[in-house]
Amino acid sequence: MPVVESLRLIPGGAVAVESVVADPVAFQRECVDAFVASWRARGFSPVTIDNDIGLLERALAALGRPAWEVTSEDVDRVVGDLAVAGRSASTRREYVQIFKGFHRFLQVRKAAEIEAVFGVRLVCPVDEFNASRHVGDDSPAVAPPPVPERVGAFFDFLKTRIAGARKYGPAARDYAMFRTLYHAGLRSEEAALLEISDVHFGRGPFGKLHVRFGKGAHMSGPRPRWVPMLDGLDVLLQWFLADVRPKFPDSPVLFADESGGALHRGTLRNRLRYLMELEGRPAAERFSPHALRRACATHNYERGVDLVAIQQLLGHWTVSSTMRYVRPSATFIEDAYRRAVASTLAELSGEDGTA
């Protein structure tokens, strides 16, 4: 371990030189704690912080050495091992991104100290050759989102299930919660962190949800947005707040668990999987919470909603991000052609009628 000389003042005014062993493990732990403190200062939600701490610790453990000693070959090895283990492109990218963010923090806050104590000048080992590409680039064959008929059938199943469920509250909550994910195009974490006070029925012609913990650009903190309650979502949430939410303990959380606390985004994913197993559909017809968000984008686009409006609904920074979510059906071109022809014929018919 590196040995650092420090000065200590002793009685009588003399100065003693002491040799202190610098423990890289302890120092990195302190750096991680400081990195996490910076997340809190920038307004990250507690759920996001907990998830990212675990991801960073797994990444550092896999690399097997202090961050300032990690080489490009170490990153290649870890990403390669994840690929061999069958981990998805998005997971590999998350490992690289969280380490890159931590390394950037060290460069900004700790570079001089690391060079003085450990004799290492920080150079980020993530480069153009090992930076995992976006999941949209790595996965061109991502399954299309569920079609409107499939989504409608699932919601019909949830609605029917409410009457015969052993516990009315959770069954009704699931119905309202997953319909909110779909109609508002929310991420799982955004829905889980909604509070009752975030529902504003009087705002705008449909009412709006205040999504306070919208996802921002990488490491930028939450990006709030207002989402209109379209397709009858306002009526659904009025019923939920009046008839369902009182079945749960009193708390600010909108879609609460049975103790009144917020659901974890992983709980939403597991809950959806469980419900589709109860529905009895084959695996090929099942979907994730995020697929509901992609379905919201696609179905609104197919029925003619402006792409910029969908971008604002989903909370994307750019339209190009929204386009990655839109996967029109196989007959989208033909359907658009039929609508255009029908519209033209209707206009011509109207002109003939007034001549």
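Residues numbered from 1 in each chain as written. Predicted model: local features only at pLDDT ≥ 70, side-chain atom pairs only at ≥ 80, totals over all residues. Heavy atoms only, no water.

Caption draft 1: Up close: the overall build of the protein chain. Broken down by element type, the protein chain carries 15 helices and five strands. Going through the 355 residues of the protein chain one by one, you find that 41% of them count as buried. For the protein chain, the proportion of contacts with a sequence separation of at least 24, taken over those separated by at least 6, is 61%. For the protein chain, the accessible area works out to roughly 18,900 Å², and carbon and sulfur atoms hold 55% of it. (Helix = DSSP H or I, 4+ residues; strand = E, 2+ residues; numbered from the N terminus. Buried < 20%, exposed > 50% of the residue type's maximum accessible area, 1.4 Å probe, protein only. Contact = heavy atoms within 4.5 Å. Areas by Shrake-Rupley, 256 points an atom, 1.4 Å probe, with all protein chains shown as cover.)

Caption draft 2: Examining the packing of helix H7 (residues 148-164) against helix H11 (residues 265-279) more closely. Relative to each other, H7 and H11 sit at 85°, their axes nearing to 11 Å. By the criterion of interaxial angle, the relationship of H7 to H11 is roughly perpendicular. Within the contact between the two elements, H7 uses Arg150, Ala153, Phe154, Phe157, Leu158 and Arg161 and H11 uses Arg271, Leu272, Tyr274, Leu275, Met276, Leu278 and Glu279. (Axes fitted to C-alpha atoms, helices over the stretch in contact; angles between N-to-C directions. Parallel < 35°, antiparallel > 145°, perpendicular 65-115°, else oblique.)

Caption draft 3: How the structure looks around the side chain of Ser251. For Ser251, the location among the structural elements is in the loop between helix H10 (233-244) and H11. With relative accessibility at 16%, the residue Ser251 sits in the buried group. In terms of polar contacts, Ser251 uses its side chain to reach the side chain of Arg245, at 2.9 Å. (Polar contact = N/O pair within 3.5 Å; in protein donor to acceptor, adjacent residues only side chain to side chain.)

Caption draft 4: Region of the structure containing the packing of aromatic side chains. With the rule as written, the count across this model stands at 11 aromatic pairs. Plain terms: the ring middles of Phe27 and Trp68 are 5.5 Å apart, the flat faces sit at 75° to each other, and that makes the pair edge-to-face. Placement of the pair is Phe27 in helix H1 (residues 24-41) and Trp68 in the loop between helix H2 (46-63) and helix H3 (72-84), with a sequence separation of 41 residues. By the burial criterion, Phe27 is buried, and Trp68 matches it. On the basis of an interplanar angle of 70° and a centroid distance of 6.2 Å, the ring pair of Tyr175 and Trp239 is categorised as edge-to-face. Here Tyr175, found in helix H8 (residues 168-184), pairs with Trp239, found in helix H10; they are 64 residues apart in sequence, far enough to count as distant. Accessibility expressed as a relative area gives 7% for Tyr175, which makes it buried. Through a chain of ring-to-ring contacts, three or more aromatic side chains come together here, namely Phe35, Trp39, Phe102 and Phe105. If you follow Arg223 out to its NZ or CZ, it ends over the ring of Trp317, 4.0 Å from the centre. (Phe/Tyr/Trp six-rings, centres within 6.5 Å; stacked < 30°, edge-to-face > 60°. Lys NZ or Arg CZ within 6 Å of the ring centre and 35° of its normal.)

Caption draft 5: The arrangement of the pairing of strand E4 (residues 208-211) in detail. Only one face of E4 is covered, namely the one carrying Leu209 and Val211; the face carrying Lys208 and His210 has none of its residues buried. By the bridge criterion, two bridges tie strand E3 (residues 199-200) to E4 in an arrangement that is antiparallel. Following the sheet pairing, Val199 is matched in E4 by Leu209. In the sheet, E4 pairs with strand E5 (residues 225-228) via four bridges, with the strands oriented antiparallel. Its bridge partner lying in E5, Leu209 is registered against Val227. (Pairing = 2+ DSSP bridges.)

Caption draft 6: Expanded view of the nonpolar core. Judged by nonpolar contacts, the single largest core of 48 residues is most densely connected at Phe154, Phe155, Phe178, Leu186, Leu209 and Phe255. Contributions of two or more residues to this core are made by H7, H8, helix H9 (188-192), E4, H10, H11, helix H12 (289-302) and helix H13 (307-314). When residues in this core are grouped by element, the largest group, nine residues, is from H8. Setting aside residues up to four positions removed in sequence, Phe154 forms contacts with Leu272, Leu275, Met276, Glu279 and Phe287. Core analysis: the next-biggest nonpolar cluster, separate from the first, contains 34 residues, Cys31, Leu55, Leu63 and Phe105 among them. (Core = buried A, V, L, I, M, F, W, Y, C linked by side-chain atoms within 4.5 Å.)

Caption draft 7: Focus on the side chain of Thr91. Its place among the elements puts Thr91 in helix H4 (residues 89-109). Among the polar contacts listed, one links the side chain of Thr91 to the side chain of Ser88, at a separation of 3.0 Å.

Caption draft 8: Summary view of the pattern of salt bridges. Taken as a whole, this structure holds 17 salt bridges when the rule is applied. Its salt-bridge partner being Arg29, residue Asp33 comes within 3.2 Å of it at the nearest N-O pair. Of this pair, Asp33 and Arg29 are both found in helix H1, four residues apart, which corresponds to roughly one turn of the helix. A relative accessible area of 43% places Asp33 in the partly exposed class. Two residues, Glu279 and Arg281, come together in a salt bridge whose shortest N-O distance is 3.5 Å. Several salt bridges converge on common partners, so that one network encompasses Arg150, Glu279, Arg281 and Glu285. (Salt bridge = Lys/Arg side-chain N within 4 Å of Asp/Glu carboxyl O.)

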